[in-house]
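# Observations on the three-dimensional arrangement
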Amino acid sequence: MAAPRTSLAVDSLDLGSFQTVSCHDFLEFQDVLKKMRVMDDKIVYALNTSIPTDSFKGQINPETTCKDLYEQLQKNYSAREAAIKRCLGVVLTDVSDIKRQREKDPDNINLLKELRKQQTKLRLMQSELNVEEVVKDRTLKVFYERCRLHYKPPDISHL
């Protein structure tokens, strides 16, 4: 019997590709985030297929499996957080640029519309950081409940 995979389709997602996503298209930004959160959404499945039951304990090393899964989760979190912060920086720069243009041309209604649009996008991206924190906490709690007997991550003290 083959050992279960711990990667849960995340291998097929190139985490580096998120660095090239357009920060100017919020829907594309959200779609890529959704793809990157697949592992978090299916953490129970990943753990059920990765951690052996008592009858299969001799075939699979749960400590290694939990450690690998944890490292994969951390890699995912780092990539997502970096990408969200990168896009926040891009949109914040856009907002600042438009504000400077508005100072020079305060009667330009198109600049006002664009400023409001960019400020809305900035708020939406800031909310993604909050969503990321909730997703991360939920996933790590499930991970800890299932792997606590096999592997203790160095930085899981906040759970």
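This section reports on the structure supplied with the text. Nothing here was measured: the structure is a model prediction, and the numbers come from that model. (Residues numbered from 1 in each chain as written. Predicted model: local features only at pLDDT ≥ 70, side-chain atom pairs only at ≥ 80, totals over all residues. Heavy atoms only, no water.)

## Things to note about the side chain of Gln74
Put simply, the test is: Put simply, DSSP H or I for four residues or longer makes a helix, DSSP E for two residues or longer makes a strand, and each gets a number counted from the N terminus. Any two residues whose heavy atoms approach within 4.5 Å at even a single point are treated as in contact.
You can see Gln74 is positioned in helix H4 (residues 62–104). Once residues within four sequence positions are removed from consideration, Gln74 is found in contact with Leu140 and Asp155.

## Focus: the environment of Asn61
Cut-off, in case you're wondering: Here a polar contact is taken to be a pair of N or O atoms separated by no more than 3.5 Å, where protein atoms must pair a possible hydrogen donor with a possible acceptor and residues adjacent in sequence count only if both atoms sit in side chains.
Here Asn61 shows up in the loop between helix H3 (43–50) and H4. Along the sequence, Asn61 and Ser50 sit eleven residues apart, while their C-alpha atoms lie 9.4 Å from each other. Separated by 3.0 Å, the side chain of Asn61 and the backbone nitrogen of Glu63 make a polar contact.

## Focus: the side chain of Arg37
For the record, the criterion: The classification of residues rests on relative accessible area computed with a 1.4 Å probe and restricted to protein chains. Under 20% of the type maximum is buried, over 50% is exposed, and intermediate values are partly exposed.
Positionally, Arg37 belongs in the loop between helix H1 (26–36) and helix H2 (38–41). Arg37 sits in the buried class, given a relative accessible area of 10%. Within the structure, the side chain of Arg37 is placed 3.1 Å from the side chain of Glu128, a separation counted as a polar contact. Setting aside anything within four residues of it in sequence, one finds Arg37 in contact with Arg80, Ile84, Glu128, Val131, Glu132 and Val135.

## A word on the packing of H3 against H4
Any two packed helices are characterised by the angle at which their axes cross and by the distance between the axes. As a reminder of what qualifies: Note on method: axes are straight lines fitted to C-alpha atoms, helices fitted across the in-contact stretch only, with angles between N-to-C directions ranging 0 to 180 degrees. Throughout, the term roughly parallel applies to angles under 35 degrees, roughly antiparallel to angles over 145, roughly perpendicular to angles from 65 to 115, and oblique to all others. Crossing handedness is defined as follows: a turn of the near helix away from the far one that is anticlockwise and smaller than a right angle gives a left-handed crossing, while the clockwise case is right-handed. Residues are sorted three ways: Asp, Glu, Lys and Arg are charged, Ala, Val, Leu, Ile, Met, Phe, Trp, Tyr, Cys and Pro are nonpolar, and all the rest, Gly among them, are polar.
Interaxial distance between H3 and H4 falls to 10 Å at its minimum, and their mutual angle equals 155°. When the interaxial angle is binned, H3 and H4 end up roughly antiparallel. Remark: the crossing between H3 and H4 carries right-handed chirality. Where H3 abuts H4, its residues Ile43, Ala46, Leu47 and Ser50 lie against Thr65, Leu69 and Leu73. Here the contact of H3 with H4 is composed, by residue class, of five nonpolar, two polar and no charged.

## Observations concerning the pattern of salt bridges
Operational definition: We count a salt bridge whenever a side-chain nitrogen from Lys or Arg sits within 4 Å of a carboxyl oxygen from Asp or Glu.
Within this structure, the stated rule accounts for seven salt bridges. Linking Lys85 and Glu81 is a salt bridge whose minimum nitrogen-to-oxygen distance equals 2.8 Å. With Lys85 and Glu81 both in helix H4, this residue pair falls four residues apart, about one helical turn. A relative accessible area of 33% means that Glu81 is categorised as partly exposed. Among the charged side chains, a salt-bridge network with shared partners connects Arg37, Asp40, Arg80, Glu128 and Glu132.

## Some details on the environment of Leu112
Assignment of secondary structure puts Leu112 in helix H5 (residues 109–147). Leu112 gets classed as partly exposed once you look at its relative accessible area, which sits at 21%. Considering only alpha carbons, one finds Leu112 and Arg102, ten residues apart in sequence, at a separation of 7.3 Å.

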